[in-house]
Structures are given as structure tokens and as C-alpha cells.
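# Inside the fold
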Amino acid sequence: QVQLVESGGGLVQPGESLRLSCTGSGIMFRINTMGWYRQAPGKERELVARSTSTRSTDYADSVKGRFTISRDNAKNMVYLQMNSLKPEDTAVYYCNTHPPWTSDYWGQGTQVTVSS
């Protein structure tokens, strides 16, 4: 059974940083492309960063240069370092494989709110 657990979200001011963490069971992160996604109120879920099994990465244009995805395969964890946060980064953040493991499974996510 697949389980993904995200953590590390919170309320921060514009310009501040957060580091999100994701751990999972039932999925071997080291052989999968892992992604961080986000969903803002009233918007569709979008991919913001992904890391392949060979650790190549790419990012949505909106976060490029500010967010960094990394992984610790030994711990089956993936991280998202978010710097210079903006109000438009406010969303619930999820990790999953890319493409998603199944169409209907998502963890509980972690809320990131950027507000002054």
C-alpha cells in the first residue's frame, strides 16, 4: 500500500524560506522520478519541481531559481527548499511520483501560506 507524508509547511512572510519534506512507503523513491506539486485555492494542481532517478531536476518557470528539490534515497525522502517565498506560492504542497503513482492517490499535503 502506497503512503506519502508531507511536512514542513507553515505561515511565513514574503521573502522567507521553508523546507518541505516527504517520506513514503510502498514506493521506492530511488528508482522513480519524484515531484513536488502544489494546489492553490480555486486552481488545478500543478507540478513545481521534479527529480529523476539520476537526480536531474527541472522546475516550473514560476519557481525557477528560488526552489530546489533534493532527495535522500537511503531514507526514501524528498525535499523542497523554498527561498524568497511570494504570496503566490501559497498553496497545499504534495509530493508524488511523476507522473503520479495513481490518478487518485495523494497524501494529505502540507499547507504553505505566504503573507505579511
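The structure presented is a predicted model; accordingly, all values stated were derived computationally and were not measured. (Residues numbered from 1 in each chain as written. Predicted model: local features only at pLDDT ≥ 70, side-chain atom pairs only at ≥ 80, totals over all residues. Heavy atoms only, no water.)

## Brief notes about the pattern of salt bridges
- What the rule picks out here adds up to 5 salt bridges.
- The salt bridge partner of Arg-38 is Asp-89, with a shortest N-O separation of 2.9 Å. Pair noted here: Arg-38 is in strand β4 (residues 34–39) and Asp-89 is in the loop between β8 (77–82) and β9 (91–97), with a separation of 51 residues, a long-range link. Side by side, Arg-38 and Asp-89 carry an identical accessibility label, which is buried.
- A salt bridge links Lys-64 to Asp-61, with the nearest nitrogen and oxygen atoms 3.1 Å apart. (Salt bridge = Lys/Arg side-chain N within 4 Å of Asp/Glu carboxyl O. Helix = DSSP H or I, 4+ residues; strand = E, 2+ residues; numbered from the N terminus. Buried < 20%, exposed > 50% of the residue type's maximum accessible area, 1.4 Å probe, protein only.)

## Looking at the pairing of strand β3 (residues 18–25)
- Two elements, strand β1 (residues 3–7) and β3, share 5 bridges in a ladder whose sense is antiparallel. Residue Glu-6 lies in a different strand from β3, and its bridge partner there is Cys-22.
- Here 6 bridges tie β3 to β8, and the two strands are oriented antiparallel to one another. The residue bridging Ser-21 from the neighbouring strand is Tyr-79, located in β8. (Pairing = 2+ DSSP bridges.)

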